[in-house]
Amino acid sequence: MSGVHRVVVTGLGVVSPIGHTAADYWRSLINGVSGLGPITVRMADELTQKVAAEVKDFDPLQHFDDRQISTLDRISQFAVVAAREAIAHAGITIDEALSLKTAAIVGSGAGGQLTTDDSFYRLYRENKTRVFPLTVPKLMVNASASQISMQCGIRGPAFVVASACASATHAIGLAFQMVRAGQVECAVTGGTEASITYGGVRGWEAMRVMAPDVCRPFSRDRKGLVLGEGAAMMVLEPLERARARGAAILGEVVGFGMGADAGDLTAPDRDGMARAMDDALADAQLAPQDIQYVNAHGTGTAANDETETQALHQVFGAHAGKLAISSTKSMVGHALGAAGALELVATVMALREGRVPPTIGYLGPDPACDLDYVPNAARALAIDAALSNSFAFGGLNAVLAVRKFG
Amino acid sequence: MTDVAGDVIAIIAKKARVEKPNIEPGDRLEDLGLESLDAVEMIFDLEEKFDIQIPYNANNPRTEFNTVGEVVSAIQQLVDKKS
């Protein structure tokens, strides 16, 4: 297969704070369910920050045997469970021939943080001198892509993409480009993160950007982000392959834009954001007025939400006021390297179902955020095309454009 | 000038890369060139220096710590509360 292909989504898989399958996740999103709750990790009682969006009641023994579990950090467990669901949902069998032509491209910002935390705890707190034997292959940042490859029998290009909060969007964007170019016939792609640890939360506390209670993107009186975790994966295929096998087509990925600010380490940059959106639209051959919905980066920080709003004005002009814009981080927190994948799943489902998930926790307008953020309740809306935005610390921006299929 | 004020101003001066005698209580942190990350680092230095916890959230910077004097008095209060 070679040349330029249309790229369609044929399978979705999710492990999230508000549902352990794509269907449950979507149902919760539409019902405005909050995944925020008390932090339960080791030494959480010593933390100043009390709230995060953890994946609750996730029992690895339901998915893996003892031997497998000893090789899998929580981040890889999430990744493999979501990948298996996406593959099953797509109805593909990764046989010998397809195995070589399938990619596993996964976004992860931080790698196996729980394994790292366990090791530090043993060494510095318990004064032990040994760590568990598989510490290195569990915590390595590429572990989630390796585990998907091993567990699902994928022998084509497999690697992890790390760009902090934009990791999954970069990963999916690369997978999209590879399928479009005919370099692979299938891609299992998305993002995964499990970095809610004592040290991880302490790090975010030190940044002074977390909300103590509720994440209220774009709202007045918003107090910052809340950490999340989870994984979302999808199967991408060329349209002709999906059609030939009679697959249900969930949506079409049509454009990808990415760039870097070369500016501040953490402060968002309106022009950088706008450029990534412009590039995604151009790649998709869409005009700004073709877009009805934007799944915003919308972290809930003062700086992001104001700057993203300015960037949306810059890209969409008068049409910005007609967009439905929502931040699903209000429900699942900021899952960092998994965020872009959780959000693209939400965007694909919104296209497919004709319903926009809300921004919950919204108290009322902030003068600096003057667009329609679909406050507090889902909305029925016919969507032909949508964007999903991811803007990372380090000034790395990535935007995907998707279209309803058929 | 109390010791606390002197120490606070020394920390601000270091972060702003300004000579200490040139800093006045009425100076705005923004005018001293302290950007958001500098402010977060300054808060860390102040917490470490005085062994206090400063309830600072970068998401409402406009309501906290506009001027050097405001930082000094906030730190003085936290230090007094501790002792």
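Please read these numbers as outputs of a predicted model, since none were measured by experiment.

Re the overall build of chain A
Working step 1: The secondary structure content of chain A amounts to 14 helices and 14 strands.
Working step 2: Relative to the 2.2 N^0.38 estimate, which gives 22 Å for 406 residues, the radius of gyration of chain A is 20 Å and therefore close to what a compact globule would have.
Working step 3: Based on the C-alpha atoms only, the size of chain A along its principal axes is roughly 60 × 55 × 40 Å.
Working step 4: Expressed as a percentage of the 406 residues in chain A, the buried residues total 58%.
Working step 5: At a minimum sequence separation of 6, the contacts of chain A that also span at least 24 residues come to 81%.

Quick notes on the sheet that holds strand 4 (residues 102-107) of chain A
Residue and element names in this part refer to chain A.
Working step 1: With mixed pairing, the 10 strands of this open sheet are ordered in space as 5-4-6-7-1-8-14-13-9-10. Both outer strands of the open sheet, strand 5 (158-161) and strand 10 (324-326), are each paired with one neighbouring strand and no more. In this sheet, adjacent strand axes meet at a mean angle of 25° when their direction is disregarded.
Working step 2: Along the sheet, helix 7 (residues 143-152) makes contact with strand 4, strand 5 and strand 6 (186-193), crossing strand 4 at roughly 150°.

Describing the environment of Leu-114 of chain A
Residues and elements named next belong to chain A.
Working step 1: In this structure, Leu-114 sits in helix 5 (residues 113-125).
Working step 2: As for Leu-114 and Ser-144, which are separated by 30 residues in sequence, their C-alpha atoms are 13 Å apart.
Working step 3: Contact partners of Leu-114, with chain neighbours within four places excluded, come to Asp-73, Arg-74, Ala-194 and Thr-197.

Considerations on the interface of chain B and chain A
Working step 1: Contacts between the two partners involve 10 residues from chain B and, on the opposite side, 12 residues from chain A.
Working step 2: Classifying every residue of the side of chain B that touches chain A gives 6 nonpolar, 4 polar and no charged.

Digging into the domain arrangement of chain A
Residues and elements named next belong to chain A.
Working step 1: Split into domains, chain A comes out as domain 1 (7-244) and domain 2 (255-403).
Working step 2: With centres defined by C-alpha atoms, the gap from domain 1 to domain 2 works out at 21 Å.
Working step 3: Contacts between the two partners involve 62 residues from domain 1, matched on the other side by 56 residues from domain 2.
Working step 4: Those elements that place two or more of their residues in the side of domain 1 that touches domain 2 are strand 1 (7-15), helix 1 (22-30), helix 8 (167-180), strand 6 and strand 7 (230-238).
Working step 5: Among the elements that take part in the side of domain 1 that touches domain 2, helix 8 stands out by supplying 8 residues, more than any other.

Looking at unusual backbone geometry
Residue and element names in this part refer to chain A.
Working step 1: Phi is positive for Met-43, close to 70°, though the residue is something other than glycine.
Working step 2: One can find Met-43 in the loop between strand 2 (37-38) and strand 3 (51-52).
Working step 3: Positive phi values are uncommon outside glycine, yet Phe-218 reaches one of about 65°.
Working step 4: With respect to the helices and strands, Phe-218 occurs in the loop between helix 9 (198-207) and strand 7.

Focus: helix 3 (residues 68-82) of chain B
All names here are of chain B.
Working step 1: For helix 3, with 15 residues, the first-to-last C-alpha span of 21 Å sits near the 21 Å given by 1.5 Å per residue.
Working step 2: Turning to helix 3, its buried residues number three or more, namely Val-68, Val-71, Val-72 and Ile-75. Looking down the long axis of helix 3, one finds its buried residues gathered within 95° of arc, a one-sided arrangement. Exposed residues pointing more than 90 degrees away from the buried face of helix 3 are listed as Gln-77, Asp-80 and Lys-81.

Remarks on the environment of Met-178 of chain A
All names here are of chain A.
Working step 1: Relative to the helices and strands, Met-178 is located in helix 8.
Working step 2: Since 21 C-beta atoms lie within 10 Å of it, Met-178 is described here as buried.
Working step 3: Not counting chain neighbours up to four residues away, the residues in contact with Met-178 comprise Ala-103, Pro-157, Gln-183, Val-184 and Ala-187.

Here we look at the environment of Phe-256 of chain A
All names here are of chain A.
Working step 1: Topologically, Phe-256 is positioned in strand 8 (residues 251-260).
Working step 2: Take Phe-256: there are 24 C-beta atoms within 10 Å of it, and that puts it in the buried class.
Working step 3: Considering only alpha carbons, one finds Phe-256 and Val-226, 30 residues apart in sequence, at a separation of 27 Å.
Working step 4: Filtering out sequence-adjacent residues up to four positions away, Phe-256 remains in contact with Gly-173, Phe-176, Gln-177, Ala-280, Asp-283 and Leu-400.

Focus: helix 2 (residues 36-50) of chain B
All names here are of chain B.
Working step 1: The end-to-end C-alpha separation of helix 2 is 21 Å, in line with the 21 Å expected for 15 residues at 1.5 Å each.
Working step 2: Listing the buried residues of helix 2 in full gives Ala-39, Met-42, Ile-43 and Leu-46. Around the axis of helix 2, the buried residues are gathered within 100° of arc, so they sit on the same side.
Working step 3: Buried residues along helix 2 sit against helix 1 (3-16) and helix 3.
Working step 4: Phi turns positive, to about 50°, at Asp-51, one or two residues after helix 2.

So, how was this worked out
- Residues numbered from 1 in each chain as written.
- Chains lettered and ligands numbered in written order.
- Predicted model: local features only at pLDDT ≥ 70, side-chain atom pairs only at ≥ 80, totals over all residues.
- Helix = DSSP H or I, 4+ residues; strand = E, 2+ residues; numbered from the N terminus.
- Rg over C-alpha atoms; globule rule 2.2 N^0.38 Å.
- Buried ≥ 20, exposed ≤ 12 C-beta atoms within 10 Å, placed from the backbone.
- Contact = placed C-beta atoms within 7 Å.
- Pairing = 2+ DSSP bridges.
- Axes fitted to C-alpha atoms, helices over the stretch in contact; angles between N-to-C directions.
- Nonpolar A, V, L, I, M, F, W, Y, C, P; charged D, E, K, R; others polar.
- Domains from an automatic or database assignment.
- Expected span 1.5 Å × (residues − 1).
- Arc of directions from axis to C-beta.

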